[in-house]
Amino acid sequence: MNLNKVFIFLIIFVFGLIAIFSFFQKPPPELTGFQHRESIEQMFNKLPKPPEDFYNVTEGIRTGSIINFENITQEYYLQPEFYPNFEDQLLPYLLNPPEGRFGAYGLMSYPSQTVVTTYPGENFTLYFFMASSVFIEFYQGNKLIPVYNHELKIIKGSFPDGTSIIKQDVEKAKQFIDVKFTPEIFVLSPTYPEFTNEWSKKIKIDILIPYDAEPGKYTVSVVKSSAPTEQGLEWKEKYGKYTEGGMESISTPYYSVFLEIK
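Please read these numbers as outputs of a predicted model, since none were measured by experiment.

Colleague: What's the story with the pattern of salt bridges in this structure? I'm lost.
Modeller: Pairing between side chains becomes possible if they bear opposite charge and their charged atoms approach one another. One pass over the structure, following the stated rule, counts nine salt bridges. A salt bridge links Lys 204 to Asp 206; the nearest nitrogen and oxygen atoms lie 4.0 Å apart. A residue is classified by how much of its surface remains accessible, and Lys 204, at 30% relative accessible area, is partly exposed. Residue Asp 206 is classed as partly exposed on the basis of its relative accessible area of 23%. Residues joined in a network through salt bridges with shared partners are Asp 161, Lys 217, Glu 260 and Lys 262.

So, in structure tokens, the structure goes:
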């Protein structure tokens, strides 16, 4: 009887070890997060292979532990999963395409804002990402322009002193915040029937604060207008399916920078 108990105990012990070993050998979530692609794999064939640390990096961006995007390469931002709303809001449409899914125009951006403390005479660089929305069948031409709102609210967070609504003298903001975009004029490729390596762009923003800038809190945002006529005609001839939206609403910019000049 005692031998039977020992035998049963050994069996339970062995199976327990196997279960524990299997648990720790199970691939971490970041390596299995692309399983949904199996059913719509053809849509992603032209994209680069996702890096092994893809989910660690994207989570760092979302939580704010990664704030410098200079080294975020195409292998990351060309993945649709890079965008926070993709898996929850956009992926279901790809898995179950709605009737009348045709789309000629639609853009999304990430992140939406940055809060910066700076000083007169400083210059610095920021980055954000712009991409075509899902089910877009046309190439989209874009020209980025800066806008200076009279008043704008920080969507998430605030300045260190708690300020979240910026009211500014627009003319002073234009004078004290010099902005340059790279690229300034560009085209984004369709996302249907497949994604390509031109569907998303990393936008570089160089900001220069002149030496005579007055201390205070300011804001500058990014919207888009139509590409220059000659460039638009060139893209239309090249791609056929081509469109460009007009001037976007300055009340809903693609990206905003909130600055405190000390």
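Moving on from the model shown.
Colleague: Can you help me understand helix α5 (residues 86–95) in this one?
Modeller: Structurally, the α-helix is built with 3.6 residues per turn, so residues lying three or four positions apart point the same way. Turning to α5, its buried residues are Phe 86, Leu 90, Leu 91 and Leu 94. Take α5 and look down its axis: the buried residues cluster within an arc of 105°, on one side only. Buried residues along α5 sit in contact with β1 (107–110).

Colleague: Just to check I follow, could you spell out the packing of aromatic side chains for this structure?
Modeller: The way to describe two aromatic rings as a pair is by their centre distance and the angle between their planes. Counted by the stated rule, this structure contains 16 aromatic pairs. Seen in terms of ring centroids, Tyr 139 and Tyr 239 are 3.7 Å apart; in terms of plane orientation they differ by 10°. Their pairing is stacked. Residue Tyr 139 is located in strand β4 (residues 139–147), and its partner Tyr 239 is located in helix α7 (residues 229–239); the two are separated by 100 residues in the primary sequence. The exposure class assigned to Tyr 239 is partly exposed, which follows from its relative accessible area of 25%. With 4.9 Å between their ring centres and 80° between their planes, Phe 195 and Trp 199 make a pair best called edge-to-face. Accessibility assignment for this pair places Phe 195 and Trp 199 in one class, buried. Connected via pairs of aromatic rings, a cluster forms that spans Phe 44, Phe 69, Tyr 77, Phe 82, Tyr 83, Tyr 110, Phe 129, Phe 195 and Trp 199. Above the plane of the ring of Tyr 127 lies Lys 202, whose end atom (NZ or CZ) is 4.9 Å from the centre. Between the NZ or CZ atom of Lys 217 and the centre of the ring of Phe 159, over which it lies, the distance is 5.6 Å.

Colleague: Could you clarify how one ought to interpret the pairing of strand β10 (residues 216–225) in this entry?
Modeller: Successive residues of a regular strand alternate their side chains across the two faces of the sheet. With respect to burial, β10 is a largely interior element, eight of its ten residues being buried. Two strands pair when backbone bridges link them, and β4 and β10 are joined in this way by five bridges, in the antiparallel orientation. Bridge assignment links Lys 143 to a residue of β10, and that residue is Ser 225. Strand direction decides the pairing type here: β10 and strand β12 (residues 255–261), joined by seven bridges, are antiparallel. The residue of β12 that forms the bridge with Tyr 218 is Leu 259.

Colleague: Would you mind going over the nonpolar core with me for this structure?
Modeller: Among the nonpolar cores identified, the biggest contains 30 residues, and Ile 72, Phe 82, Tyr 83, Leu 94, Phe 195 and Trp 199 are the most heavily contacted of them. Counting only elements with at least two residues in this core, the list comes to α3 (54–63), α4 (74–77), α5, β1 and β3 (123–132). Ignoring anything within four residues of it in the chain, the contact list for Leu 94 reads Ile 40, Met 43, Phe 44, Phe 86, Val 134, Phe 135 and Phe 195. Formed by 29 residues, the second largest nonpolar core is a distinct cluster that contains Val 116, Tyr 148, Val 179 and Ile 205.

Colleague: Looking at this structure, how should I read the confidence of the model for the chain?
Modeller: In regions of low pLDDT, the predicted coordinates are not meant to be interpreted in detail. In the predicted model, the chain carries a mean pLDDT of 85, and the fraction of residues at 70 or more is 82%. At the low end of the mean pLDDT range in the chain sits helix α2 (residues 29–32), at 40; at the high end sits strand β9 (residues 200–208), at 98. The low-confidence segment residues 5–32, where pLDDT is below 50, has five contacts with residues more than four positions distant or belonging to other chains.

Colleague: Explanation requested: unusual backbone geometry in the structure shown.
Modeller: Glycine aside, residues mostly have negative phi, and peptide bonds are mostly found in the trans state. Going from Tyr 110 to Pro 111, the amide bond is cis rather than trans, its omega being -10°. Along the polypeptide, Pro 111 turns up in the loop between β1 and β2 (113–118). The peptide bond linking Thr 182 to Pro 183 adopts the cis configuration, its omega dihedral lying at -5°. Tracing the backbone shows Pro 183 in the loop between β7 (178–182) and β8 (185–188). A positive phi angle, near 65°, is found at Phe 135, a position not held by glycine. Mapped onto the secondary structure, Phe 135 falls in the loop between β3 and β4.

About the thresholds
Residues numbered from 1 in each chain as written. Predicted model: local features only at pLDDT ≥ 70, side-chain atom pairs only at ≥ 80, totals over all residues. Heavy atoms only, no water. Salt bridge = Lys/Arg side-chain N within 4 Å of Asp/Glu carboxyl O. Buried < 20%, exposed > 50% of the residue type's maximum accessible area, 1.4 Å probe, protein only. Helix = DSSP H or I, 4+ residues; strand = E, 2+ residues; numbered from the N terminus. Arc of directions from axis to C-beta. Contact = heavy atoms within 4.5 Å. Phe/Tyr/Trp six-rings, centres within 6.5 Å; stacked < 30°, edge-to-face > 60°. Lys NZ or Arg CZ within 6 Å of the ring centre and 35° of its normal. Pairing = 2+ DSSP bridges. Core = buried A, V, L, I, M, F, W, Y, C linked by side-chain atoms within 4.5 Å. pLDDT = per-residue confidence, 0-100.

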